[in-house]
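Now for the letters of each chain:
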Amino acid sequence: MRINTDTPKTDAQIDVRRAMLTPMPRPKRDDAELAAYAAEIQALREQELQEVGYLGRLFTQFSLPYKDPGSDKAVWGRQSGAYRISVQPGMVMEDGAAQSYGFPYGGIPRLILAHLSTEAVLTGEPVIVLGNSQSEFMRTVGLGRATGGKTGTIGRFQNQTERLLRCSIIIDYKDNSAKQRSKAIKLSVATSWDLWWTGQARRMGGRSEMQPSLMPSTINLSSEFFKEVIAHPVPVDMKVLNALQSSPMAMDIYIWLTYRVFKLEDPVRISWPLLMLQFGTALADTKQGRHQFRRDFKKHLDAVKTFYPDLKVTVDDQSGLTLYPSPTHVIKKPARRLHAIE
């Protein structure tokens, strides 16, 4: 997928665009409140005020784990058609023994990927400046106010960021017609980073607050990741991703459907076995496991349709999902110089 623009974005245009990407609150649990929130996002879409972000095309077809695969696993993988993805956790030597950082999983690394990809597209630069404090970075990504403690967001954010930046990803292409062919892409998100997790404490009106670090945190994207995002940026609504962050499968379904609809001209049916290969969790390929997957997929698809009401899709318990040509969720309009998607 390639987006063509008339002229490069100026620094002022980039600053305005970033200002629009305001962090959203975590999704409401009440169905009525969730529907009202979705209606607000839909109203912004109709007014052409969407907060457009980007992901590389590869990351619309592959996903990260939904839950922690565990420290005993050396690799985690999924399959999408002829392509297979393998994720390996980063390692570090600790007291003479190799220790795993663990796999990135859940909604946080997906939000980080979307933020890094969006910044790369907006600036055209592989070095991403994250801000002068951890709290600023978290708000920009969409996690809201930074909170501490065992159930707070700070620890999980730090942990998932390190896991994402340190992992390795290999995407294989399996060509059954050419048994002697080996084709793969090996990439990591970044080649280097400098993250300031804490600032300096100071007293403000009797309260203790964290002062921003003197040096901003930065991430230097790998050339493979940067080229993929720049060459094949897929537009998504960042507010929707933020709203779905507690349901990583729903995030993946939304991203995948957004990509598929852009070029869809005729109805297409995707079988349950193929959907389970791409979106399956740790469920076993048994009658009970397949039933559970269908139930989970339909539940998360319903959540996506709440935010994407123009999506035309049907689900059959036997045949799978049928996707019909639908209005694109991210509106293509001249103001953003979005001319062609290839």
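Residues numbered from 1 in each chain as written. Predicted model: local features only at pLDDT ≥ 70, side-chain atom pairs only at ≥ 80, totals over all residues. Heavy atoms only, no water.

**A few points about the overall build of the protein**
Let me state the cut-off plainly: A helix here means a DSSP run of H or I that spans at least four residues, while a strand means a run of E at least two residues long, and both kinds are numbered starting from the N terminus. Throughout this description, buried means an accessible area under 20% of the type-specific maximum (1.4 Å probe, protein chains only), exposed means over 50%, and partly exposed covers the range between. Values of accessible area rely on a 1.4 Å probe in the Shrake-Rupley scheme; residue burial ignores everything except the protein chains shown.
The secondary structure content of the protein amounts to 11 helices and 16 strands. Looking at the protein residue by residue over its 342 residues, the buried ones come to 45%. Of the roughly 17,600 Å² that the protein leaves accessible, carbon and sulfur atoms contribute 50%.

**Re the sheet that holds strand β12 (residues 217-221)**
Defined as follows: The criterion for strand pairing is that DSSP finds at least two bridges linking the strands in question. To get an axis, a line is fitted to the C-alpha atoms, and for a helix only the part in contact is used. The angle between two axes follows their N-to-C directions and goes from 0 to 180 degrees. Contact criterion: two residues are considered in contact whenever any of their non-hydrogen atoms come within 4.5 Å of each other.
Within the open sheet, the three strands sit side by side as β6-β12-β9. Their pairing is antiparallel. Two strands bound the open sheet, and with one partner strand each, they are β6 (127-131) and β9 (190-194). Averaged over all adjacent pairs, the angle separating strand axes in this sheet is 15 degrees, with direction ignored. In terms of strand pairing, β6 meets β12 through four bridges, oriented antiparallel. Pairing of Val127 across the sheet is with Asn220, part of β12. Packing of helix α4 (residues 107-123) onto the sheet brings it into contact with β6 and β12, and relative to β6 it is tilted by some 120 degrees.

**Some thoughts on the side chain of Thr153**
Mapped onto the elements, Thr153 comes out in helix α6 (residues 153-166). On the basis of relative accessibility, which here comes to 9%, the residue Thr153 falls in the buried class. Every residue in contact with Thr153, bar those within four places of it in the chain, is listed here: Met138, Arg145, Ala146 and Thr147.

**So, the environment of Asp72**
The residue Asp72 is located in the loop between α3 (58-61) and β2 (76-80) in this model. Asp72 sits in the exposed class, given a relative accessible area of 70%. The sequence separation of Asp72 and Gly102 amounts to 30 residues, and the corresponding C-alpha distance is 9.3 Å.

**Points about the packing of helix α9 (residues 248-263) against helix α11 (residues 287-307)**
Selection rule: Throughout, the term roughly parallel applies to angles under 35 degrees, roughly antiparallel to angles over 145, roughly perpendicular to angles from 65 to 115, and oblique to all others. It is the rotation of the near helix from the far one that decides the hand of a crossing: anticlockwise by less than a right angle makes it left-handed, clockwise makes it right-handed. Residues are grouped as follows: nonpolar covers Ala, Val, Leu, Ile, Met, Phe, Trp, Tyr, Cys and Pro; charged covers Asp, Glu, Lys and Arg; every other residue, Gly included, is treated as polar.
Where α9 meets α11, the axes come as close as 9 Å, and the angle between the chain directions of the two elements is 65 degrees. Relative to α11, α9 is oriented roughly perpendicular. The two elements α9 and α11 cross, and the hand of that crossing is right-handed. Taking contact as the criterion, the partners of Met249, Ala250, Ile253, Tyr254 and Leu257 in α9 are, on α11, Phe293, Asp296, Phe297, His300, Leu301 and Val304. Looking at side-chain class alone, the contact of α9 with α11 contains nine nonpolar, one polar and one charged residues.

**Here's the deal with the packing of helix α10 (residues 272-279) against α11**
For the pair α10 and α11, interaxial distance at closest approach is 11 Å and the crossing angle is 75 degrees. The angle between the axes of α10 and α11 places the two elements in the roughly perpendicular class. Between α10, through Trp272, Leu275, Met276 and Phe279, and α11, the contact on the second element is made entirely by Gly289, Arg290, Phe293, Arg294, Phe297 and Lys298. Taken together, the residues of the contact of α10 with α11 sort by class into six nonpolar, one polar and three charged.

**Here's the deal with the pairing of β12**
Look at any regular strand and the pattern is simple: side chains alternate between the two faces of the sheet. Only one face of β12 is buried, namely the one carrying Ser217, Ile219 and Leu221, since none of Thr218 and Asn220 on the opposite face is buried. Across four bridges, the pairing between β9 and β12 is antiparallel. Looking across to β12, one finds that Trp193 is bridged to Ile219.

By themselves, these figures tell us nothing about what the structure is for.
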